[in-house]
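As a plain string of letters, each chain reads:
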Amino acid sequence: ARYTPHQAPPGPPSPRRMLRAARALLVMAVARPLATSAFSSRALRVCPLCGREIPTELESRHHLVPKLKGGKTKDDNIVVLHRACHDKIHAVFTEAQLARSYASIDALLADPDIQKFATWIAKRPIGFNDRTPSIRKRNRRRRR
C-alpha cells in the first residue's frame, strides 16, 4: 500500500497517542459517574410511576429538576422511568412546571393526569408504548 506524506503507515501507537487515549478514558470515567452509581444496580429497575419492571432497552433517565432550569446530573436529581412514563411526563408538563411544582416523584404522582396514566399503563404489557406526543410536537402541529 502507498502512503501520502500526511499518512503514517500502520504500526505501534506513539507514546503521545497512547497518552491522549488514556486521558480520554479518564475524562469519560469522571464525566459519567452514573455508570458506576446506584443506577447500575438491577434492584432499582422498577418504574416509580407505574410500578413495573423496566427492561434495559426501555429505560429512560428523568431529571426531576430539568437541566434547562438548573437541574444537575446527580443521583438525587435523576430517576429511572419507563420510556412511555417519561414521555407522558414531558407531554403533560413544561420544563418550568417540572422545576417549580413537580420536582419529586410524589409531586408527579399527586397530579390527576399522571395518576390516571400510571393506573392505565400499569395494566399494559411492559413493551407497550402509547406514543404520547410531547408538548413541543403538539405545538408544532398547531402552527402548520
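Residues numbered from 1 in each chain as written. Predicted model: local features only at pLDDT ≥ 70, side-chain atom pairs only at ≥ 80, totals over all residues. Heavy atoms only, no water.

1. Some words on the state of the cysteines
Heads up, the condition is: Pairs of cysteine sulfur atoms within 2.5 Å are identified as disulfides in what follows. Each residue is assigned to one of three classes by its accessible area relative to the maximum for its type, calculated with a 1.4 Å probe on protein chains only: buried under 20%, partly exposed between the two thresholds, exposed over 50%.
Applying the stated criterion across every chain, the model contains zero disulfides. Looking at the unpaired Cys 47, the closest cysteine sulfur is the one in Cys 85, lying at 3.7 Å. The exposure class assigned to Cys 85 is buried, which follows from its relative accessible area of 1%.

2. A short note on the pattern of salt bridges
Where we set the bar: By definition, a salt bridge exists where a carboxyl oxygen of Asp or Glu is found within 4 Å of a side-chain nitrogen of Lys or Arg. In this description a helix means any DSSP run of H or I spanning at least four residues, a strand means any run of E spanning at least two, and both kinds are numbered starting from the N terminus.
Under the definition given, this model contains three salt bridges. Residues Arg 83 and Asp 87 are paired through a salt bridge, measuring 2.8 Å at the closest nitrogen-oxygen approach. Of the two residues, Arg 83 and Asp 87 are both situated in helix 2 (residues 83–92); the distance of four residues between them amounts to about one turn of the helix. Owing to a relative accessible area of 38%, Arg 83 belongs among the partly exposed residues under this scheme. Using a relative accessible area of 22% as the deciding quantity, one classes Asp 87 as partly exposed. Via salt bridges that share partners, Arg 45, Glu 59 and Arg 61 belong to a single interconnected network.

3. Considering the confidence of the model for the protein
Quick reminder of the rule: A residue's pLDDT is the predictor's confidence in that residue, given on a scale from 0 to 100. Contacts are assigned to residue pairs with any non-hydrogen atoms lying within 4.5 Å of each other.
Per-residue pLDDT for the protein has a mean of 75; in total, 62% of the residues score no lower than 70. Averaged over each element, pLDDT in the protein is lowest for helix 6 (residues 135–143) (61) and highest for helix 5 (residues 112–121) (92). Throughout residues 30–38 the model reports pLDDT below 50, and contacts reaching past four residues in sequence, or to other chains, amount to ten contacts.

4. Comments concerning the environment of Cys 85
Along the chain, Cys 85 turns up in helix 2. With 23 residues separating them in the primary sequence, Cys 85 and His 62 have C-alpha atoms 9.8 Å apart. Other than its neighbours up to four places away in sequence, Cys 85 contacts Cys 47, Leu 49, Cys 50, Phe 117 and Ile 121.

5. Notes on the side chain of Arg 52
Stated formally: Each polar contact in these results corresponds to two N or O atoms within 3.5 Å; when the atoms are within protein, one needs to be able to donate a hydrogen and the other to accept it, and residues that are neighboring in sequence are counted only if both atoms are side-chain atoms.
Relative to the assigned elements, Arg 52 resides in the loop between helix 1 (15–31) and strand 1 (59–63). A polar contact is formed between the side chain of Arg 52 and the backbone oxygen of Pro 125, at a distance of 2.9 Å. Ignoring sequence-local partners within four residues, the contact set of Arg 52 consists of Arg 45, Val 46, Cys 47, His 82, Ile 121, Ala 122, Arg 124, Pro 125 and Ile 126.

6. Points about helix 5
Where we set the bar: In this description, the arc belongs to the directions extending from the helix axis to the C-beta atoms.
Those residues of helix 5 not exposed but buried are Ile 114, Phe 117, Ala 118 and Ile 121. Angularly, the buried residues of helix 5 cover 100° about the axis, an arc narrow enough to put them on a single face. Exposed side of helix 5, more than 90 degrees from the buried face: Pro 112 and Lys 116 are the residues found there. Buried residues in helix 5 make contact with helix 2 and helix 4 (105–110). If you check the start of helix 5, you find a side-chain oxygen 3.1 Å away from the backbone N of Asp 113, and it comes from Asp 111.

7. Description of the pairing of strand 2 (residues 78–82)
For the record, the criterion: Paired strands, as defined in this entry, are two strands with at least two bridges between them according to DSSP.
The buried fraction of strand 2 amounts to five of the five residues, a majority that puts the element mostly inside the structure. Bridge count for strand 1 against strand 2 is five bridges, and the pairing is antiparallel. Along strand 2, the bridge assignment pairs His 63 with Ile 78.

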